[in-house]
Amino acid sequence: MFNKALVLLTALAMVAVACGGDDGGGGETVSLVVNPWSASRLNVEVAKIIIETELGNTVEIVEVDENDAMFTGLADGTLDAVLEIWPSGITDAENAFFDDGSVEKIGNLGAVGRIGWFVPDYVVADNPALATWEGYLDPANAQLFATAETGDRGRFLGTDPSYSEFDAQIITNLGMPFDVQFSGSEPATVAELDARVAAGEPVLMYWWEPTAAVSKYNLVKVELPAYNDACGASQASGDGGVDCDYPEDPILKAASGQLAEKDANVYEFLKAFTLSNDDQLSMLPAMEIDGEDPAEVAQRWVDANADTWKAWLPS
């Protein structure tokens, strides 16, 4: 009996060493940031499934609304990685974390985002001047978008105020008779959009691609003054001088500067992790339009794309 127990204890000890050794793989809990939009959630759900089933780590999903909290958490190691950062929203203060190495850029996600001003296509069909920002200077056109709260001025529908939105600056600096009102969240904006489209009413809003809503509601991007370096510097510095369109955003991934040492396998996996616009758009309608659970949507993608994600695993 003693010998059998000794053999069992020895075997358990060997398993513990194999799972929790210092070769950089398995055992550590990994915290991945989810930002308050759908694509970010799906990115993390896909990564979570693969990390837990293939690398043996537990993944904790941490919802973070504020960039300051996200960068601080990555810098001190309480957060391990974020899979979707839009470069146009990075401030000079946030770039300082990259500069000192406490937060590390770990490559592009693969998707390319476009933030901008959007309207349903019937708005432009009814009034072609509203295809560009100049059309919104006309007070008569602005009144088409007015609400009880904005009076004679038009309403510009913002989304979550924690997003990097420069619309109030653009409106002020271009002299446009509009006021920004925030819906509070991505789902709230979609609900407002759905109601407006059902009634055939105009709505001007902050939105982005890739999203399922662009196709579902036939959204058209309004032409703003072209992005330029000086305007981009204003976006980064927060000096209030933004008067141009948002730039095209090749989406970035970032990790805590401590992740490579904490778990080398997870670090290498996340560096290799990529999702394209088409990958995201293959999942977004099920979550955004059909209301399916994002973990189930992600699981279907993982099941159907083994040849793709197996290449991300460390050798």
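All values derive from a computational prediction rather than experimental measurement. In this numbering scheme, every chain counts its residues from 1 along its sequence in written order. Local features in a predicted model are, by the rule used here, given only for residues with pLDDT of at least 70; side-chain atom pairs are given and counted only at 80 or more, and totals for whole chains, interfaces and linings are based on all residues. The basis for every side-chain value is the complete set of non-hydrogen atoms in the structure, without hydrogens or water.

### Topic: the overall build of the chain
- A count of helical and extended segments in the chain gives 15 helices and nine strands.
- With the principal axes as the frame, the chain shows a C-alpha extent of 90 × 40 × 30 Å.
- Working definition: with a 1.4 Å probe on protein chains only, accessible area under 20% of the residue-type maximum means buried, over 50% means exposed, and in between means partly exposed. Looking at the chain as a whole, 45% of its 315 residues qualify as buried.
- Using the Shrake-Rupley algorithm and a 1.4 Å probe, accessible areas are obtained, with residue cover drawn only from the displayed protein chains. Accessible surface, the chain as shown: approximately 14,200 Å² in total, 52% of it carbon and sulfur.
- Averaging the locations of the 15 positively and 53 negatively charged side chains of the chain gives two centres separated by 6 Å. Only DSSP runs of H or I with at least four residues qualify as helices, and only runs of E with at least two residues qualify as strands; both kinds are numbered from the N terminus onward. Only four residue types enter the charge count: Lys and Arg as positive, Asp and Glu as negative, with His and the chain ends excluded. Taken as the charge centre is NZ of Lys, CZ of Arg, CG of Asp or CD of Glu, depending on the residue.

### Some thoughts on the side chain of K253
- With respect to the helices and strands, the residue K253 is situated in strand β9 (residues 248–256).
- Between Lys or Arg on one side and Asp or Glu on the other, a salt bridge is scored when a side-chain nitrogen of the former is within 4 Å of a carboxyl oxygen of the latter. For the buried K253, which has no salt bridge, the nearest side chain bearing the opposite charge is E268, at an N-O separation of 9.8 Å.
- In the analysis that follows, any N or O atom pair within 3.5 Å is treated as a polar contact, provided that within protein one partner can donate a hydrogen and the other can accept it, and provided that, for residues neighboring in sequence, both atoms belong to side chains. From its side chain, K253 meets the backbone oxygen of F273 in a polar contact 2.8 Å long.
- Contacts are residue-level and defined by heavy atoms, with any inter-residue pair within 4.5 Å sufficient. Beyond its immediate stretch of four places on either side in the chain, K253 contacts V82, L83, E104, K105, I106, G107, N108, L109, L270, K271, A272 and F273.

### Brief notes about the packing of aromatic side chains
- When two rings of Phe, Tyr or Trp (its six-membered ring) have centres within 6.5 Å they constitute a pair, described as stacked for plane angles under 30 degrees, edge-to-face for angles over 60, and tilted for the intermediate range. Per the stated rule, a full pass over the model turns up 17 aromatic pairs.
- Grouped by ring-pair contacts, the aromatic residues W37, Y163, F166, Y206, W207, W208 and Y246 constitute a single cluster.

### With respect to the pairing of strand β7 (residues 204–209)
- The buried fraction of β7 amounts to five of the six residues, a majority that puts the element mostly inside the structure.
- At least two bridges found by DSSP between two strands is the condition for calling them paired. Across five bridges, the pairing between strand β4 (residues 103–120) and β7 is antiparallel. Looking across to β7, one finds that W117 is bridged to Y206.
- As judged from the two bridges shared by strand β5 (residues 154–158) and β7, these two strands associate in the parallel manner. Paired with F156 across the two strands is L204, which belongs to β7.

### Let's talk about helix α8 (residues 186–199)
- To estimate how far a helix should extend, the number of its residues minus one is multiplied by 1.5 Å. Relative to the 20 Å expected for 14 residues at 1.5 Å per residue, α8 spans 20 Å between its end C-alpha atoms, a close match to the ideal helical length.
- By the burial criterion, the buried members of α8 are E186, T189 and L193. Buried residues along α8 cover an arc of 60° about the axis, so they all sit on one side. In α8, the exposed positions that point more than 90 degrees away from the buried face belong to P187 and A198.
- Against the buried residues of α8 lie α2 (38–55), β4, β5, β7, β8 (219–221) and α13 (277–288).
- G200, located one to two residues past α8, shows a positive phi value of around 70°. Here, the arc refers to the directions that run from the helix axis to the C-beta atoms.

### Quick notes on the state of the cysteines
- The disulfide definition used here is simple: a pair of cysteine sulfur atoms within 2.5 Å. Under the definition given, this model contains one disulfide.
- Sulfur-sulfur distance for the disulfide between C231 and C244 comes to 2.0 Å. Handedness of the C231-C244 disulfide follows from its S-S torsion of about -95°: it is left-handed. Of this pair, C231 sits in helix α10 (residues 229–237) while C244 sits in the loop between α10 and β9, and the two are 13 residues apart along the sequence. The same class applies to C231 and to C244, which are both buried.

### Re the environment of P120
- With respect to the secondary-structure elements, P120 resides in strand β4.
- Sequence separation between P120 and V203 is 83 residues; the distance between their C-alpha atoms is 7.3 Å.
- For P120, the residues in contact, after removing those within four places along its chain, are L193, V197, V203, Y217, N218 and L219.

### So, the confidence of the model for the chain
- Considering every residue of the chain, the mean pLDDT works out to 91; 92% of them sit at 70 or more.
- One number per residue, pLDDT, summarises how confident the predictor is, and it ranges from 0 to 100. When the criterion is pLDDT under 50, residues 1–25 qualifies, and its contacts beyond four places in sequence or with other chains add up to nine contacts.

### Section: the packing of helix α3 (residues 67–76) against helix α4 (residues 92–99)
- Whenever a helix is involved, its axis is fitted only over the stretch in contact; in every case the axis is a line through C-alpha atoms, and angles between N-to-C directions fall within 0 to 180 degrees. Contact pair α3 / α4: the axes reach a minimum separation of 11 Å and the direction vectors enclose 10°. The angle between α3 and α4 places the two elements in the roughly parallel class. In contact with N67, D68, F71, T72 and A75 of α3, α4 contributes E94, F97 and F98.
- For the contact of α3 with α4, the per-class residue count stands at four nonpolar, two polar and two charged. Orientation categories follow fixed angle ranges, with anything under 35 degrees roughly parallel, anything over 145 roughly antiparallel, 65 to 115 roughly perpendicular, and all other angles oblique. Note on residue categories: nonpolar means Ala, Val, Leu, Ile, Met, Phe, Trp, Tyr, Cys or Pro, charged means Asp, Glu, Lys or Arg, and polar means any other residue, Gly included.

### Brief notes about the packing of α2 against helix α14 (residues 294–304)
- The geometry of α2 relative to α14 is characterised by a closest axis approach of 9 Å and an angle of 60° between their N-to-C directions. Relative to α14, the element α2 is oriented oblique. For the element pair α2 and α14, the recorded crossing hand is right-handed. The segment α2 lies against α14, with R41, L42, E45, V46, I49 and I50 engaging P294, A295, V297, A298, Q299, W301 and V302. Working rule for handedness: look at the near helix, and if it is turned counterclockwise from the far one by less than a right angle, call the crossing left-handed; if clockwise, right-handed.

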